[in-house]
Amino acid sequence: MATKSKAVVPLVFFALFWNGIVWTFDAVIGYQLYRVQDARSRYEEVEARVVSSSVRANHSSDGSTYAPSIEFLYEFDGMTFRSDRHAFLSIATSDRGFATAACERFPVGAEVTAFVDPEDPMEAVLDLSGKSFPAMLLLFLTPFNLIGLSILGMIFNTLRRPEEKSADDELRERYIVVDTGDHVVFGKARMPAPMVALISMTALTFLACFALVPFQGIGASLTSVVTALLICVLVSVSFAAWRVKKGKAPENFLHVDRTRNTFSYPANAPGEPLESIQSILHQPEATGVTINDVRQYKHRFEAETPDGVVKLFEVRTGEDEGDKLLRLLRTELRKG
């Protein structure tokens, strides 16, 4: 257990760092949304007058940001108050148009409705409609939350693995998807569907941010953001389901039935006697693809029988992995 714990320590620290930052933003937004709902149910409406309305600009070496600056007067229980809170969540962004739109809704001199906390009359707000809330933040934070979930998933998978594994055990785990003793199924282990959906959703939500901002800016409507999120979810789940269906296709598996001493490829093909195998041939073919500095090959394995050559298995992986898989196939097919 000590070895496994040591392996995940850096990942745990990174998860705490990453999720700590992201969840802080989530908490701030969640709290402000809660305040909006609380105000809608408790606050009292009063007449108010806007006395100041302008766009506040902040220029720095990193660029310029803009935020609405709106002040208003209102009366409550015979007392006059002044407030500069036009919305619960109003942040400075690089989109000047978003700040300008807020000021245009509340121009100087306008008679408007303010919402006052009866328990604390100094607390008042003008906009509870959500128009001043940058809904794009929900879409922007989604991929960062998904990355955090992926990191937690990696930690969980690492901790639930057996402590010690030999190279042969790891090879069997990658290429033997079923082993009941009497029935063995060879197939390339695929990424679990939930992880595929999670990664797809992360990529799609990033793309959705870049797609929406040029057209609607940071002030994209909540409807647009929710629609984009729903489309991302639908596409991600559909892609994961397609991957699972494709991965379960008969041509992806070699079946070995030890009770009948037969093998079949694809899975729905008639069984061939294991005794008919004279030798196993390995034909690697370069694909021209490199993953993590490892050149990928298409490894084709065939059984030479008295009736001719029968295809056994085909997989794309590193060059050295092919020789290891050849030894594994020879071992498992001779057990019958």
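Residues numbered from 1 in each chain as written. Predicted model: local features only at pLDDT ≥ 70, side-chain atom pairs only at ≥ 80, totals over all residues. Heavy atoms only, no water.

Participant: Which residues make up the overall build of the protein, and what are the values?
Facilitator: A count of helices and strands for the protein gives seven helices and 13 strands. Out of the 336 residues belonging to the protein, those deemed buried represent 38%. Here the contacts in the protein between residues at least 6 apart in sequence split such that 63% fall between residues at least 24 apart. About 19,500 Å² of surface is accessible on the protein, with carbon and sulfur atoms providing 57% of the total. (Helix = DSSP H or I, 4+ residues; strand = E, 2+ residues; numbered from the N terminus. Buried < 20%, exposed > 50% of the residue type's maximum accessible area, 1.4 Å probe, protein only. Contact = heavy atoms within 4.5 Å. Areas by Shrake-Rupley, 256 points an atom, 1.4 Å probe, with all protein chains shown as cover.)

Participant: How would you explain the nonpolar core if you had to name every residue and give the values?
Facilitator: Among the nonpolar cores identified, the biggest contains 23 residues, and F186, L254, F263, L312 and F313 are the most heavily contacted of them. Counting residues per element, the ones that place at least two in this core are α4 (167-175), β7 (183-186), β8 (254-257), β12 (294-305), β13 (308-318) and α7 (319-333). For this core, the element with the highest residue contribution is α7, accounting for five residues. Apart from residues no more than four positions distant in its own chain, L312 is found in contact with L254, F263, Y265, I280, F301, E302, A303 and L333. Counting residues in hydrophobic clusters, the runner-up holds 15 residues, among them I70, F76, F106 and A110. (Core = buried A, V, L, I, M, F, W, Y, C linked by side-chain atoms within 4.5 Å.)

Participant: Run through the sheet that holds strand β3 (residues 79-83), naming residues and quoting values.
Facilitator: If you trace the five strands from one edge of the open sheet to the other, you get β3-β2-β1-β4-β5, paired in antiparallel fashion. For this open sheet the edge positions go to β3 and β5 (120-125), each flanked by a neighbour on one side alone. Here the strands of the sheet are splayed against their neighbours by 40° on average, with no regard to which way each runs. Relative to β5, strand β4 (residues 111-117) is paired through three bridges, and the arrangement is antiparallel. Across the sheet, the residue bridging to D117 is D120, located in β5. Against the sheet, helix α2 (residues 96-105) touches β1 (44-60) and β2 (63-76), its axis set at about 15° to β2. (Pairing = 2+ DSSP bridges. Axes fitted to C-alpha atoms, helices over the stretch in contact; angles between N-to-C directions.)

Participant: Describe α2, and please don't skip the residues or the numbers.
Facilitator: Turning to α2, its buried residues are F98, A99, A102 and C103. Down the axis of α2, the smallest arc covering the buried residues is 140°, so these residues share one side. (Arc of directions from axis to C-beta.)

Participant: How would you explain the packing of α4 against α7 if you had to name every residue and give the values?
Facilitator: Look at α4 against α7: their axes get within 11 Å of each other, and the N-to-C directions meet at 85°. For the element pair α4 / α7, the angle class is roughly perpendicular. Taking contact as the criterion, the partners of L171, R172, R174 and Y175 in α4 are, on α7, E321, K324, L325, L328 and E332. When grouped by side-chain class, the residues that make up the contact of α4 with α7 number four nonpolar, no polar and five charged. (Parallel < 35°, antiparallel > 145°, perpendicular 65-115°, else oblique. Nonpolar A, V, L, I, M, F, W, Y, C, P; charged D, E, K, R; others polar.)

Participant: Report on the sheet that holds strand β9 (residues 262-264), specifying residues and quantitative values.
Facilitator: The strand order β6-β7-β8-β9-β10 describes an open sheet built from five strands, whose pairing is antiparallel. In this open sheet, the two edge strands, each paired with only one partner strand, are β6 (176-179) and β10 (272-273). Across three bridges, β8 lies against β9 in antiparallel orientation. Counterpart to V256 in the pairing with β9 is F263. On top of the sheet, α4 reaches β6 and β7; it is set at about 90° to β6, its chief contact. Contacting β6, β7 and β8, α7 crosses the sheet at an angle of about 160° to β7.

Participant: So what's going on with the pairing of β3? Which residues, and what values?
Facilitator: Two elements, β2 and β3, share five bridges in a ladder whose sense is antiparallel. Pairing of F72 across the sheet is with S83, part of β3. The antiparallel hairpin formed by β2 and β3 contains two residues in its connecting segment, where D77 sits at a positive phi of about 55°.

Participant: How would you explain the state of the cysteines if you had to name every residue and give the values?
Facilitator: A complete count under the given rule lists zero disulfides for this structure. C232 takes part in no disulfide bond, and the closest cysteine sulfur to it belongs to C209, at a distance of 8.5 Å. Judged by relative accessible area, which is 5%, C232 ranks as buried. (Disulfide = S-S within 2.5 Å.)

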